[in-house]
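Commentary on secondary and tertiary structure
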Amino acid sequence: MASGEDRTAGGSGTRDVLIGLLVLGSVWGFLEVVVGGAMKAGGVPYRGDTLTGLGMMLMGIAVAMYRKPLLLLAVAAVAVGVRQLSVPVLHLSTFCKANSCLAVLLGGAALAGAAAIAGGRLERGVRARVATGFGAGLAAGATFYFIGMRVAPCRYLLSFNRPGGFAAFMQAEGLIWAALCAVLFPVGYRLGQTMRDKVFDLRVTRPAFYYAASAALVVLCWGISAVAIARGL
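Residues numbered from 1 in each chain as written. Predicted model: local features only at pLDDT ≥ 70, side-chain atom pairs only at ≥ 80, totals over all residues. Heavy atoms only, no water.

**Considering the confidence of the model for the protein chain**
Mean pLDDT over the protein chain stands at 91; residues scoring 70 or higher make up 95%. Taken element by element, the predicted model of the protein chain shows its lowest mean pLDDT in helix α8 (residues 155–158) (86) and its highest in helix α10 (residues 207–230) (97). In the predicted structure, residues 1–10 sits below a pLDDT of 50 and forms 18 contacts with residues beyond four places in sequence or in another chain. (pLDDT = per-residue confidence, 0-100. Helix = DSSP H or I, 4+ residues; strand = E, 2+ residues; numbered from the N terminus. Contact = heavy atoms within 4.5 Å.)

Next comes the structure, spelled out in structure tokens:
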């Protein structure tokens with residue numbers, strides 16, 4: 001057991017946990033900006049639902065690797081940071097991407113809560129992972145409806161601002177969020193289980209490569225996202 005560092009599950013020290021969270025959050029932000037922008041430009045349906053599911057998959061990796069659900073808030077915060085590159089790049093208001101940032105933060109918070117409730121059951125069975133993903137997606141969708149209506153209601157969201165609008169929104173969006181999260185969170189969790197010992201071994205046996213690769217991935221995600229934003233994605 002190494003000394004001089006706080007340790008989490010999987011043998012990762014505090015510094016390495018922070019690096020892992022930064023990498024995962026940067027990848028999530030990259031997906032939000034680049035993949036989401038490409039989907040929007042191409043008129044691909046269910047863009048927000050797909051991005052929510054992919055975010056849940058990345059957070060599933062984080063939960064499995066570090067086993068501390070509250071750390072998911074840091075992953076979501078990093079992703080929001082990438083999303084907010086539009087502020088310095090295009091000189092836009094911080095509220096310009098308010099709804100997309102809100103969706104990311106609510107997804108992180110909902111999954112953190114659901115994973116904390118599930119606890120050790122996540123490690124033991126697929127059913128708990130499916131239920132956790134579904135519950136987090138459903139909670140995020142429901143919360144987004146009420147908060148999004150007040151923070152930055154877009155034309156699409158306002159179309160549900162009528163009697164019975166919440167039920168209609170949950171049918172059109174919330175249930176899809178939940179279904180995708182129920183599928184992709186367990187996928188991410190399984191990936192995290194597979195990766196955690198391998199990543200730790202890589203850090204121990206090839207630390208220079210580990211840190212260089214992590215830094216390169218973060219820089220690429222932020223750099224490509226900034227370029228994509230500058231070009232209108």
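**Structural notes on the side chain of N99**
As for its placement among the helices and strands, N99 is situated in helix α5 (residues 98–118). If near-sequence neighbours (up to four positions away) are discounted, N99 is found in contact with F144, G148, A152, P153, C154 and L157.

**Here's the deal with the nonpolar core**
Here is a general trend for soluble globular proteins: nonpolar side chains tend to be buried in one another's company. W28 and F144 are the most contacted members of the largest nonpolar core, which totals 52 residues. Of all the elements in the fold, those that place two or more residues in this core are α1 (14–41), α2 (47–66), α3 (72–83), α5, α7 (126–151), α9 (165–205) and α10. Per-element accounting of this core gives the leading share, 11 residues, to α5. The contacts of W28, once residues within four sequence positions are left out, are L51, G55, L58, M59, V75, A76, A79 and V104. V34, V82, L85 and A228 belong to the second largest nonpolar core, which has 6 residues in total. (Core = buried A, V, L, I, M, F, W, Y, C linked by side-chain atoms within 4.5 Å. Buried < 20%, exposed > 50% of the residue type's maximum accessible area, 1.4 Å probe, protein only.)

**Describing the environment of P163**
Mapped onto the fold, P163 is located in the loop between α8 and α9. Each C-alpha atom of the pair P163 and V104 lies 27 Å from the other, and the pair is 59 residues apart in sequence.

**Let's talk about the packing of α3 against α5**
Taken N-terminus to C-terminus, the directions of α3 and α5 make an angle of 170°; their axes are 8 Å apart at the nearest point. In terms of axis orientation, α3 runs roughly antiparallel to α5. Residues L72, L73, A76, A77, A79, V80 and R83 of α3 touch α5, and the partners they reach there are S100, C101, V104, L105, G108, A109, L111 and A112. Class assignment for the residues of the contact of α3 with α5 results in 12 nonpolar, 2 polar and 1 charged. (Axes fitted to C-alpha atoms, helices over the stretch in contact; angles between N-to-C directions. Parallel < 35°, antiparallel > 145°, perpendicular 65-115°, else oblique. Nonpolar A, V, L, I, M, F, W, Y, C, P; charged D, E, K, R; others polar.)

**Some thoughts on unusual backbone geometry**
Comment: phi is negative for the bulk of residues other than glycine, and the bulk of peptide bonds are trans. Despite not being glycine, Y46 shows a phi value in the positive range, around 60°. As for its placement among the helices and strands, Y46 is situated in the loop between α1 and α2. Even without being glycine, R67 reaches a positive phi, approximately 55°. Mapped onto the fold, R67 is located in the loop between α2 and α3.

**With respect to a nonpolar patch on the surface**
Where nonpolar side chains cluster on the molecular surface, the patch consists of F95, F146, I147, V151 and F166 and spans about 450 Å² of accessible area. One can find V151 in helix α7. A residue is classified by how much of its surface remains accessible, and V151, at 39% relative accessible area, is partly exposed. (Patch = residues over 30% accessible without salt bridge, like charges linked within 9 Å, V, L, I, M, F, W, Y side chains within 5 Å. Areas by Shrake-Rupley, 256 points an atom, 1.4 Å probe, with all protein chains shown as cover. Salt bridge = Lys/Arg side-chain N within 4 Å of Asp/Glu carboxyl O.)

**Focus on the environment of G188**
Looking at the element boundaries, G188 is found in helix α9. Distance from G188 to V23, taken between C-alpha atoms, is 15 Å for residues 165 residues apart in sequence. Apart from residues lying up to four places away in sequence, G188 is in contact with M57, G60 and I61.

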